[in-house]
Amino acid sequence: MANVLITGGAGYVGSVVAGAFLGAGHTVTVLDSLESGGQGLLGYVANPRFRFERGDVRDARRVRAAVRGQDAIVHLAAVVGFGACNADPHRAETVNVGGTHALLAAREPGQLLLYASTGSVYGAVPAGLCHEGLDPAPLSLYGRTKLKAERMVLDSGNATAFRFATAFGVSPRMRVDLLINEFVYSAKRRGFVVVYDREARRTFIHVRDMARAFLFGLERFSSMNGEVYNAGSDRLNLTKDEIAQLILRRHHYFLTYGPAGADEDRRDYAVSYEKLSALGFDTQVTIEEGIDELLRAVDLLHHRGPFGEP
Ligand SMILES: NC(=O)c1ccc[n+]([C@@H]2O[C@H](COP(=O)([O-])OP(=O)(O)OC[C@H]3O[C@@H](n4cnc5c(N)ncnc54)[C@H](O)[C@@H]3O)[C@@H](O)[C@H]2O)c1
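In this report, we go over the structure that sits alongside the text.

## As for helix α1 (residues 12–23)
- Relative to the 16 Å expected for twelve residues at 1.5 Å per residue, α1 spans 17 Å between its end C-alpha atoms, a close match to the ideal helical length.
- The element α1 is largely enclosed, with a buried count of nine among its twelve residues.
- Taken together, the buried positions of α1 are occupied by Tyr12, Val13, Gly14, Ser15, Val16, Val17, Ala18, Phe21 and Leu22.

Put into structure tokens, the structure is as follows:
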């Protein structure tokens, strides 16, 4: 069993990853500045193999203390999404790139690094399938900072990067700004969904399958070292309209289509997951299962929607 540091482990993805690593018997330390609270980790505090360090990934001293004695690092801490990055470009650059630099500078020899990159590094992909051999040409600040960090991580050695599809599903620290989560939330809470760019092709992965990918990366590290992998499933490439229709089959709501919208990353492509699946990784949770679970979860959320409703 390994000692694992998870940066950004209090977030939507991290709080599921922390639970999965604890469940697999590892000892987990989370380093997080708690930008959106720490509730996602409350379920783990009774576990003697769990430790939490509040700190900023840009703070060299805190990072050095957190990496001490770790066998592996899962690096998630980031300003996530093009909206959040545009809202504070300085923070996006210093956290996503500078924070990764601080982590690499503090890393001790032999520590493995698993990095959460994103499909947003690709930018607008010409017709065809998006695969790891394409030259990434990110369009947004988010994509650019994540790509810079991905390259620094891989150049540093002893590292693997996953370019994840858009996450969906329930986490102890919920996000309802991710496409499937947002559609289901809006359908159930408000009774309608406005879909723009209905034919845009998107690609998805359940948040528990993201955690499984990191566990897979730790177990199979020697065959994945130095490589970047798209992480998702060929079965989870769908248009936005197909998602809306799948929700409609399970829950009645008013579906309407809006004018062209504003996806700065211009994500409209199918992604090939061949490289990771050739190693034996496949996702487990289907979109339908994710939608069902989200429909049940919406009633439990005290989130304020974009129209201020409780
Ligand atoms: N959610 C997705 O669809 C998705 C897809 C692809 C890749 N990713 C990547 O996965 C990672 C996690 O994403 P998420 O959806 O959980 O986002 P999130 O915003 O829920 O989590 C990010 C976490 O990082 C922490 N953090 C932010 N700045 C920090 C700092 N300076 N120091 C320490 N901690 C800091 C936040 O407090 C938060 O807990 C990110 O690296 C993101 O780029 C996410």
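## Some remarks on the site of the ligand
- Taken together, 31 residues surround the ligand, and among them Val13, Asp32, Tyr142, Lys146 and Arg175 come closest.
- Between Asp56 and the ligand, the recorded distance is 2.9 Å, taken from a side-chain N or O atom to a nitrogen atom.
- In this structure, Val57 approaches the ligand through a main-chain N or O atom, which is 2.8 Å from a nitrogen atom.
- Its free accessible area being 830 Å², the ligand has 96% of it covered by the protein chains.
- Of all elements in the fold, only α1, α4 (89–106), β5 (112–118), α5 (141–155) and β8 (166–168) reach the threshold of two or more residues within the shell around the ligand.

## Topic: the sheet that holds strand β11 (residues 228–231)
- The seven strands lie next to each other as β3-β2-β1-β4-β5-β7-β11, forming an open sheet whose pairing is parallel. Looking at strand neighbours, the two that pair on one side only are β3 (50–54) and β11, the edges of this open sheet. Ignoring strand direction, the axes of neighbouring strands in this sheet form an average angle of 20°.
- Relative to strand β4 (residues 72–75), strand β1 (residues 3–7) runs parallel, the two being bridged by four bridges. Directly across from Leu5, in β4, lies its bridge partner Ile73.
- Strands in contact with α1 are β1, β2 (27–32), β3 and β4; relative to β2, the strand with the most contacts, it is inclined by about 165°.
- Lying over the sheet, α4 contacts β1, β4 and β5, oriented at roughly 180° with respect to β4.

## So, the packing of α4 against α5
- Contact geometry for α4 and α5: axes closest at 10 Å, N-to-C directions at 10°. By the angle between their directions, the pair α4 and α5 is classed as roughly parallel. Here Pro89, Ala92, Glu93, Asn96, Val97, Thr100, His101 and Leu104 of α4 lie close against α5, whose contacting residues are Leu141, Tyr142, Thr145, Lys146, Lys148, Ala149, Met152 and Val153.
- Taken together, the residues of the contact of α4 with α5 break down into nine nonpolar, four polar and three charged.

## Examining the sheet that holds strand β12 (residues 237–239)
- Reading across from one edge, β8-β10-β12 is the order of the three strands in this open sheet, with mixed pairing throughout. Edge positions in the sheet fall to β8 and β12, since each of these pairs with one other strand and no more. Shown here is a sheet whose adjacent strand axes are inclined to one another by a mean of 50°, direction ignored.
- Relative to β12, strand β10 (residues 201–206) is paired through three bridges, and the arrangement is antiparallel. Considered in β12, the bridge of Thr203 is made with Asn237.
- Against the sheet, helix α9 (residues 240–248) makes contact with β10 and β12, and its axis sits at roughly 85° relative to β12, the strand it touches most.

What counts, and at which threshold
- Residues numbered from 1 in each chain as written.
- Predicted model: local features only at pLDDT ≥ 70, side-chain atom pairs only at ≥ 80, totals over all residues.
- Heavy atoms only, no water.
- Helix = DSSP H or I, 4+ residues; strand = E, 2+ residues; numbered from the N terminus.
- Expected span 1.5 Å × (residues − 1).
- Buried < 20%, exposed > 50% of the residue type's maximum accessible area, 1.4 Å probe, protein only.
- Near = heavy atom within 4 Å.
- Polar contact = N/O pair within 3.5 Å; in protein donor to acceptor, adjacent residues only side chain to side chain.
- Areas by Shrake-Rupley, 256 points an atom, 1.4 Å probe, with all protein chains shown as cover.
- Pairing = 2+ DSSP bridges.
- Axes fitted to C-alpha atoms, helices over the stretch in contact; angles between N-to-C directions.
- Contact = heavy atoms within 4.5 Å.
- Parallel < 35°, antiparallel > 145°, perpendicular 65-115°, else oblique.
- Nonpolar A, V, L, I, M, F, W, Y, C, P; charged D, E, K, R; others polar.

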